[in-house]
Amino acid sequence: ESDAGDYTCVCGDKQSTAALAVHALPVLFKEELKNEEVQEGASVSLRCELTKAAPVQWKMGSKMLKASDKYQMRQPGTTAELVIHDLEVKDA
């Protein structure tokens, strides 16, 4: 999208200009989350991969998760990862 704009070819005192529009492709899941079974008290890493880098939000049901001692969120490039520490039965 940052390449959109007017481009001009100049030759002496003559020029030709064209407008370039770039339509963004939608962000899709290249690799989706996978179901996990983990023992109480352990940690788990949930990971998905997107087709391009984009901000993500993590939710449990309708509850928005925020980074804390329990929830660690990372997003290197196109991979989004949620690590949940000290799992409890209510985290299922």
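All of these numbers come straight from a predicted model, not from anything done at the bench. Here the residue numbering is sequential within each chain, running from 1 through the sequence in written order. In keeping with the model being predicted, local features are shown solely for residues with a pLDDT of at least 70 and side-chain atom pairs are shown and tallied solely at 80 or more, while totals for entire chains, interfaces and linings include all residues. Remark: hydrogens and water are excluded; side-chain values derive from all non-hydrogen atoms of the structure.

## Brief notes about the environment of Gly 5
By definition, any uninterrupted DSSP run of H or I lasting at least four residues is a helix, any uninterrupted run of E lasting at least two residues is a strand, and each is numbered from the N terminus. Residue placement: Gly 5 occurs in strand β1 (residues 5-11). Accessibility here uses a 1.4 Å probe with only protein chains present; expressed as a share of the type maximum, an area under 20% marks a residue as buried, one over 50% as exposed, and anything in between as partly exposed. Accessibility expressed as a relative area gives 27% for Gly 5, which makes it partly exposed. In the structure, Gly 5 is positioned 58 residues away from Lys 63 in sequence and 41 Å away in space, judged by C-alpha atoms. Only heavy atoms enter the contact rule, under which two residues are in contact if any of them lie within 4.5 Å. Once residues within four sequence positions are removed from consideration, Gly 5 is found in contact with Ala 18, Ala 19 and Leu 20.

## Quick notes on the UniProt feature "domain: Immunoglobulin I-set" (unreviewed entry) in the protein
The UniProt record marks residues 29-92 with the feature "domain: Immunoglobulin I-set" (unreviewed entry), using the residue numbering of this structure. The straight-line gap between the two end C-alpha atoms of residues 29-92 is 23 Å; of that span, 0% is helix and 38% is strand. UniProt positions are given in the numbering used here, feature names are shortened, and annotations may be inferred rather than shown by experiment.

## What about the sheet that holds strand β4 (residues 44-50)?
Two strands form a pair only when DSSP identifies at least two bridges running between them. Overall, antiparallel pairing links the four strands, which are arranged β3-β4-β8-β7 in an open sheet. Across the chains shown, the open sheet's two edge strands, defined by having one partner strand only, are β3 (29-31) and β7 (71-74). Pairwise comparison of adjacent strand axes, ignoring direction, gives a mean angle of 25 degrees for this sheet. With two bridges joining them, β3 and β4 adopt antiparallel strand pairing. By the bridge assignment, Glu 31 is partnered in β4 with Glu 49. Axis lines are fitted through C-alpha atoms, for helices just across the contact stretch, and the angle between N-to-C directions can take any value from 0 to 180 degrees.

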